[in-house]
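# Remarks on the overall topology
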Amino acid sequence: MIRAVLFDLDGVLVDTDALHYQAWKELADRLNIPFTPEQGNRCRGVSRMDSLEIVLERSPRAYSPEEKETFAREKNARYQAMLSALTPEHTTPGAAAVLQTLRKRGYRLALASGSKNAGLILERTGLGRLLDAVADGTMITRSKPDPEVFLTAARLLEVPPAQCVAVDDALAGIQAGRAAGMGTVAFGDAALHQAGDHNIQTLEQLLPLFPAQEERP
Ligand code: BG6
Ligand code: MG
């Protein structure tokens, strides 16, 4: 029996993946390195430093660890400046209503995001109050496709992984959910690759997958 739904954040509940792409693209442009949407898609779900490696992979020169730290800080400052304009209107269509309906149907809900900015995004969008637990990039040492963040979310909810379903827009996220022993729902980009057990393009398409259990207030 499925008792919990674990949501990725960037690209699932909020369209922040486009902001990540824009902030990395500005850095790549400044460094005169080509950076394509295909590379941007590979940054989905992976950590800030692993994303930077993808951004730098077409660079003719190598950079020191110190330079890479500086680049990551620069990108994050730009990204956070973009986040300061986030409001509840920037959530993915249907996000708050779908979370509310799943809660009412008796499911436990958690965030499972590799982002260290998740707390800020949940606060600015108002989504935090609809979640029972939050596992984010500040709590893990290994990013997706490692299952750590999904297993952390399940542990916080006190629900066994086999009774959880992971919802993610990244191929790395679907791999992570599967490695955690969970069912998977691919959304958006990952769904185009038919990566999940179920593949959806709108959040409302989650509702038929999770019928009502016990009602909760
Ligand atoms: C993931 C995003 O949710 O978080 C990645 O899909 C991002 O693109 C990762 O690199 C880390 O995010 P942050 O906000 O800690 O830089
Ligand atoms: Mg994502």
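What you see is a predicted model, and the numbers here were worked out from it, not measured in a lab. (Residues numbered from 1 in each chain as written. Chains lettered and ligands numbered in written order. Predicted model: local features only at pLDDT ≥ 70, side-chain atom pairs only at ≥ 80, totals over all residues. Heavy atoms only, no water.)

### Re the sheet that holds strand β6 (residues 198–200)
We count it as follows: We treat two strands as partners when DSSP finds at least two bridges between them. The helix count covers DSSP runs of H or I at least four residues long, the strand count covers runs of E at least two residues long, and both are numbered beginning at the N terminus. Throughout, an axis means a line fitted to C-alpha atoms (over the contacting stretch in the case of helices), and angles, computed between N-to-C directions, take values from 0 to 180 degrees.
Spatially, β3-β2-β1-β4-β5-β6 is the arrangement adopted by the six strands of the open sheet, whose pairing is parallel. The open sheet has two free edges, formed respectively by β3 (133–135) and β6, since each of these has just one partner strand. This sheet shows a mean twist of 20° between the axes of neighbouring strands, independent of strand direction.

### Re the domain arrangement of the protein chain
What counts, and what does not: Domain borders in the structure are assigned automatically or taken from a domain database. Two residues form a contact once any of their heavy atoms are found within 4.5 Å. For any pair of parts, buried area is found by adding up, for both, the accessible area (1.4 Å probe) each one loses once the two are put together. Any carboxyl oxygen of Asp or Glu within 4 Å of a side-chain nitrogen of Lys or Arg constitutes a salt bridge here. Following the grouping adopted for this structure description, the nonpolar residues are Ala, Val, Leu, Ile, Met, Phe, Trp, Tyr, Cys and Pro, the charged ones are Asp, Glu, Lys and Arg, and the polar ones are all others, Gly among them.
The domain boundaries assigned to the protein chain delineate domain 1 (4–15 + 91–209) and domain 2 (17–83). When each unit is reduced to the centre of its C-alpha atoms, the spacing between domain 1 and domain 2 is 24 Å. Opposite the 15 residues of domain 1 that make contact, domain 2 presents 15 residues. Of the roughly 1,200 Å² buried at the junction of domain 1 and domain 2 (both faces included), carbon and sulfur atoms supply 47%. Per-residue buried area on domain 1 facing domain 2 is highest for D15, N117 and D189; these three make up 36% of the total on that side. At the boundary of domain 1 with domain 2, the tally comes to two salt bridges. With a shortest N-O distance of 2.6 Å, D169 and R44 are connected by a salt bridge. Sort the elements by how many residues they give to the side of domain 1 that touches domain 2 and helix α6 (residues 118–125) lands first, with three residues. Class assignment of the residues belonging to the side of domain 1 that touches domain 2 gives a composition of five nonpolar, three polar and seven charged.

### Focus on the coordination of the magnesium ion (ligand 2)
For a metal bound by four donors in a tetrahedral arrangement, the ideal donor-metal-donor angle is 109.5 degrees, while six donors in an octahedral arrangement ideally sit at 90 or 180 degrees. Definition in use: Only nitrogen, oxygen and sulfur atoms within 2.8 Å of the metal, or 3.2 Å for Na, K and Ca, are treated as donors, and water is left out, so sites may look incomplete.
Within the first shell, the magnesium ion (ligand 2) binds the protein through D8 (OD), D10 (O) and D169 (OD), at distances of 2.0 to 2.1 Å. Mapped onto the sequence, the donors of the magnesium ion (ligand 2) take the spacing D-x1-D-x158-D.

### Regarding the pairing of strand β5 (residues 183–187)
Stated precisely, the cut-off is as follows: Throughout this description, buried means an accessible area under 20% of the type-specific maximum (1.4 Å probe, protein chains only), exposed means over 50%, and partly exposed covers the range between. Looking down the strands as they point away from you, a crossover is right-handed if its path from the first strand over the helix to the second goes clockwise.
Judged by how many residues are buried, β5 sits mostly within the fold: four of five residues are covered. Bridge count between strand β4 (residues 164–168) and β5: four bridges; the pairing is parallel. The residue of β5 that forms the bridge with A166 is T184. The β-α-β motif built from β4, the intervening helix α8 (residues 171–179) and the parallel element β5 has right-handed crossover chirality. Note that β5 and β6 share three bridges and pair parallel.

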